[in-house]
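The primary structure of each chain is shown beneath.
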Amino acid sequence: MVLIKACLVEDVPLNGMKAVSILGRVILVANLDGQFHAMDGTCSHQFANLALGSRDGFIIICPLHGARFDIRTGKVVQGLSHEGRVNDLRAYRVEVVDGCLHIDM
Ligand code: FES
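Throughout what follows, the structure given in this document is the object of discussion. (Residues numbered from 1 in each chain as written. Predicted model: local features only at pLDDT ≥ 70, side-chain atom pairs only at ≥ 80, totals over all residues.)

### Considerations on the pairing of strand β9 (residues 91-97)
In terms of strand pairing, strand β4 (residues 35-40) meets β9 through two bridges, oriented antiparallel. For M39, the partnering residue across the bridge sits in β9 and is A91. Inspection of the sheet shows β9 paired to strand β10 (residues 100-104) by five bridges, in the antiparallel sense. Along β10, the bridge assignment pairs V94 with I103. (Pairing = 2+ DSSP bridges. Helix = DSSP H or I, 4+ residues; strand = E, 2+ residues; numbered from the N terminus.)

Below, the structure is given as structure tokens:
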């Protein structure tokens, strides 16, 4: 377990999402009803920036082809309607320390 500072708490507004870069990885951080969640921020299909996607509850919807991921687990909950492979992403534990969000990498 390595906690790495990602951003300030206020950088991720209530029910908003933000992409942060940590150790060369893009991580999507979301503030869902005051609870912070994080998972890989790049879609496993064709590498879209998931921070540009939309959200339905805990489900993040890829802006390119609509794959859906549960930000709590990183798991694909709906793949593609056409040919193509979408793999699960990695989810991360988020801790608030001194007004900053830290991601457990
Ligand atoms: S790039 Fe995300 S579903 Fe295609």
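Having seen it, we continue.
### Quick look at unusual backbone geometry
The phi dihedral of D33 is positive, around 55°, even though this residue is not glycine. Considering the arrangement of structural elements, one finds D33 in the loop between β3 (25-32) and β4. Residue classification places D33 among the exposed residues on the basis of 7 C-beta atoms within 10 Å. (Buried ≥ 20, exposed ≤ 12 C-beta atoms within 10 Å, placed from the backbone.)

### Quick word on the sheet that holds β9
If you walk across this open sheet you meet the six strands as β1-β10-β9-β4-β3-β2, and the pairing is antiparallel. Two strands bound the open sheet, and with one partner strand each, they are β1 (3-8) and β2 (17-22). Strand after strand, the sheet turns through a mean of 35° between neighbouring axes, direction not considered. Sheet topology places β2 next to β3; six bridges connect them, and they run antiparallel. Its bridge partner lying in β3, A19 is registered against L28. (Axes fitted to C-alpha atoms, helices over the stretch in contact; angles between N-to-C directions.)

### Examining the sheet that holds strand β5 (residues 54-56)
Read from one edge of the open sheet, four strands run β5-β6-β7-β8, paired in antiparallel fashion. The strands lining the two open edges of the sheet, one partner per strand, are β5 and β8 (76-78). Ignoring which end each strand starts from, the neighbouring axes of this sheet average 35° apart. Examined bridge by bridge, β5 and strand β6 (residues 59-61) share three bridges and lie antiparallel to one another. If you follow R55 over to β6, its bridge partner there is I60.

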